[in-house]
Amino acid sequence: MNDLATTAGMSTSEVIEQKRRVAELMNKVLKENIHYGIIPGTKKKSLWKSGAEIVALTFGIHGEIEVTKTDLENGHREYEVTTKMFRNSDSMAIGSGAGSCSSMESKYRWRTVKRFNAETKKQEEDRIENPNLQDLFNTVLKMAKKRSFVDAVITATGASDFVTQDIEDFEDVLSEPEPYEAEIEAIASLVELKKYWTANKGKGKKFDQKITEKKTVLEANQKENAKS
């Protein structure tokens, strides 16, 4: 039986078996840098959404979400998401998780612009408030959903001994996000993306990877729009 036992009234043997199954998943199924990562400076494994989906599938559970939207000052927005986890077999509630995301987070709030300095006669980069916040709201919502889902899976399966929350919750601690990430996220067309890449190429492998990922998304959106 793959369904997760209810956490209410579990026997000692059931708890041990559940922990064993989580450990087996971590050791034999989930792969580092695909399903989880290691937080720099620690040995703690950080569960990613792809890994949480496998854990949920293995234990026969699914999530249902509730979303709260809050409009903030200066056009910013925050989403708070609660994910309640249920057993597939009988729809019994077995746990919940919470996650939030806001366009005030640095990687969404700021973008980099190039200005010509007449004194130095050089192009210089400057960080400004993102003027296209509305373009990011869907991304912010998806991030809140992801954080909530990962938290819910960890809670419902008792996996916190083995993994912690999604690594993006530690981004402010680990490293400052690259300014171009929000810029790329805000691009709405393949033509605009090509112009941006041409003007900024040479920033390294991570930059090229972000461009490729955005291109894939835009191409998929273009095909979807063509169908409708």
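Everything numeric here is computed off the predicted structure, so don't read it as measured data.

Draft legend 1. Highlighting the overall build of the protein chain. Within the protein chain, the regular secondary structure consists of eight helices and eight strands. Going through the 228 residues of the protein chain one by one, you find that 36% of them count as buried. Considering only intrachain contacts with a sequence separation of at least 6, the fraction spanning at least 24 residues in the protein chain is 57%. About 13600 Å² of surface is accessible on the protein chain, with carbon and sulfur atoms providing 51% of the total.

Draft legend 2. Focus on helix H8 (residues 205-227). Under the 1.5 Å per step criterion, the end-to-end length of H8 is 33 Å for 23 residues, consistent within 8% with the ideal 33 Å. Buried residues of H8: Phe-207, Ile-211, Lys-214 and Leu-218, and no others. Buried residues along H8 sit against helix H6 (180-186) and helix H7 (190-200).

Draft legend 3. Fine view of the pairing of strand E7 (residues 122-129). Bridge count for strand E6 (residues 110-117) against E7 is eight bridges, and the pairing is antiparallel. Paired with Phe-116 across the two strands is Gln-123, which belongs to E7. Joining the antiparallel neighbours E6 and E7 is a turn of four residues, in which Lys-121 adopts a positive phi near 60 degrees.

Draft legend 4. Focus on the sheet that holds strand E1 (residues 36-38). An order of E1-E2-E8 is seen for the three strands of this open sheet, with the pairing classed as mixed. Where the open sheet ends on each side, the last strands, each with one partner, are E1 and strand E8 (163-164).

Draft legend 5. Spotlight on empty space enclosed by the protein. This structure, assessed with the given rule, holds one cavity of 30 Å³ or more. Taken as a whole, the largest cavity encloses approximately 40 Å³ of empty space. Together, Val-22, Leu-25, Met-26, Leu-30, Leu-47, Val-55, Ala-159 and Val-163 line the largest cavity. Looking at the lining of the largest cavity, its residues break down into eight nonpolar, no polar and no charged.

Draft legend 6. Structural view of the packing of H7 against H8. Relative orientation of the contacting elements H7 and H8 amounts to 170 degrees, with a least axis distance of 10 Å. In terms of orientation, H7 lies roughly antiparallel with respect to H8. Between H7 and H8, the residues in contact are Leu-190, Leu-193, Tyr-196, Trp-197 and Asn-200 and Phe-207, Asp-208, Ile-211, Lys-214, Lys-215, Leu-218, Glu-219 and Gln-222, respectively. A per-class count over the contact of H7 with H8 returns seven nonpolar, two polar and four charged.

Draft legend 7. Representation of the environment of Ala-152 in the model. With respect to the secondary-structure elements, Ala-152 resides in helix H4 (residues 137-157). Judged by relative accessible area, Ala-152 falls into the buried class, the value being 0%. Through-space distance from the C-alpha of Ala-152 to that of Ala-52 is 9.1 Å; in sequence the pair is 100 residues apart. Not counting chain neighbours up to four residues away, the residues in contact with Ala-152 comprise Thr-83, Met-85, Ser-96 and Gly-97.

Draft legend 8. Representation of the environment of Gly-75 in the model. Note that Gly-75 resides in the loop between strand E3 (61-71) and strand E4 (77-87). A sequence separation of 29 residues divides Gly-75 from Met-104, and the C-alpha atoms of the two residues are 9.8 Å apart. Setting aside chain neighbours within four positions, we find Gly-75 in contact with Leu-133 and Phe-137.

Draft legend 9. Region of the structure containing the nonpolar core. Leu-47, Ile-61, Met-85 and Val-153 are the most contacted members of the largest nonpolar core, which has 21 residues in total. Elements with a minimum of two residues in this core: helix H1 (12-28), helix H2 (49-59) and H4. With six residues, the single largest contributor to this core is H4. Within the second largest apolar cluster, 11 residues are counted, among which are Tyr-79, Cys-101, Val-140 and Leu-141.

Draft legend 10. Broad picture of H7. Those residues of H7 lying buried are Leu-193, Tyr-196 and Asn-200. For H7, the angular spread of the buried residues around the axis is 65 degrees, confining them to a single face. Among the exposed residues of H7, those oriented more than 90 degrees off its buried face are Val-191, Lys-194, Lys-195 and Ala-199. Positive phi shows up at Gly-202, right after H7, with a value of about 105 degrees.

Criteria and thresholds
Residues numbered from 1 in each chain as written. Predicted model: local features only at pLDDT ≥ 70, side-chain atom pairs only at ≥ 80, totals over all residues. Heavy atoms only, no water. Helix = DSSP H or I, 4+ residues; strand = E, 2+ residues; numbered from the N terminus. Buried < 20%, exposed > 50% of the residue type's maximum accessible area, 1.4 Å probe, protein only. Contact = heavy atoms within 4.5 Å. Areas by Shrake-Rupley, 256 points an atom, 1.4 Å probe, with all protein chains shown as cover. Expected span 1.5 Å × (residues − 1). Pairing = 2+ DSSP bridges. 1 Å grid on protein atoms, 1.4 Å probe; cavity = no way out; pocket = protein on both sides within 12 Å on 5 of 7 lines; lining within 4 Å. Points joined across faces, edges and corners; volume = space filled by probe spheres on them. Nonpolar A, V, L, I, M, F, W, Y, C, P; charged D, E, K, R; others polar. Axes fitted to C-alpha atoms, helices over the stretch in contact; angles between N-to-C directions. Parallel < 35°, antiparallel > 145°, perpendicular 65-115°, else oblique. Core = buried A, V, L, I, M, F, W, Y, C linked by side-chain atoms within 4.5 Å. Arc of directions from axis to C-beta.

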